[in-house]
Amino acid sequence: MATNLNSFDAIYQVVQLIPKGKVTSYGAIAAYLGMKGGARMVGWAMNASHTLENVPAHRVVNRNGILTGKNFFGGNRMQELLEEEGIQVKEDKIIGFQQHFWDPSSEL
DNA sequence: CATTTGACAGAGG
DNA sequence: CCCTCTGCCAAAT
């Protein structure tokens, strides 16, 4: 797919496609977009996306299921959003991460 | 144009 | 699981 999408836009699309109550990792998104190993780029996109509203970056965590970007959300905002979607978060990390994991490469 | 940086990932200890 | 080092890619300065 990747219809006329610029670097960041493609990432925003995938993040917006994450089902409610699900989460994914930067690497999974990067791999889906073909930039395996470019996971850092995904984080960069999120940094730019945090100014947007339709990008549920709170559903994107690192490979360990840790809310790496919670600091960018402003306090416990990220954790609250996840808990509202049925995801339990403890000490900045998702409980049963694999259980809530959503892989774009498999689901899309 | 070269260097630094960044919300990562994987391997090793 | 935590810490450290290396590898990757693109944007920002």
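Residues numbered from 1 in each chain as written. Chains lettered and ligands numbered in written order. Predicted model: local features only at pLDDT ≥ 70, side-chain atom pairs only at ≥ 80, totals over all residues. Heavy atoms only, no water.

As annotated in an unreviewed UniProt entry, chain A carries the name MGMT family protein and is attributed to Aquirufa salirivi.

With that settled, consider helix 3 (residues 39–49). What helix 3 keeps buried is the set Val42, Ala45, Met46 and Ser49. Here the buried residues of helix 3 occupy an arc of 100 degrees about the axis, which is enough to place them on one side. Opposite the buried face of helix 3, by more than 90 degrees, sit the exposed residues Arg40 and Trp44. (Buried < 20%, exposed > 50% of the residue type's maximum accessible area, 1.4 Å probe, protein only. Helix = DSSP H or I, 4+ residues; strand = E, 2+ residues; numbered from the N terminus. Arc of directions from axis to C-beta.)

Moving on: the protein's contact with DNA strand B. Lining the immediate surroundings of DNA strand B are 17 residues, of which Arg40, Trp44, Arg63, Thr68 and Phe72 lie closest. Sugar plus phosphate, as a fraction of atoms of DNA strand B within 4 Å of the protein: 47%. Interatomic distance of 2.9 Å between a side-chain N/O atom of Arg40 and a base nitrogen of DNA strand B. Secondary structure elements with two or more residues in the surface near DNA strand B: helix 2 (26–32), helix 3 and helix 4 (70–73). Considering every element that reaches the surface near DNA strand B, the biggest residue donor is helix 3, with six residues. Classifying every residue of the surface near DNA strand B by side-chain character gives seven nonpolar, eight polar and two charged. (Near = heavy atom within 4 Å. Polar contact = N/O pair within 3.5 Å; in protein donor to acceptor, adjacent residues only side chain to side chain. Nonpolar A, V, L, I, M, F, W, Y, C, P; charged D, E, K, R; others polar.)

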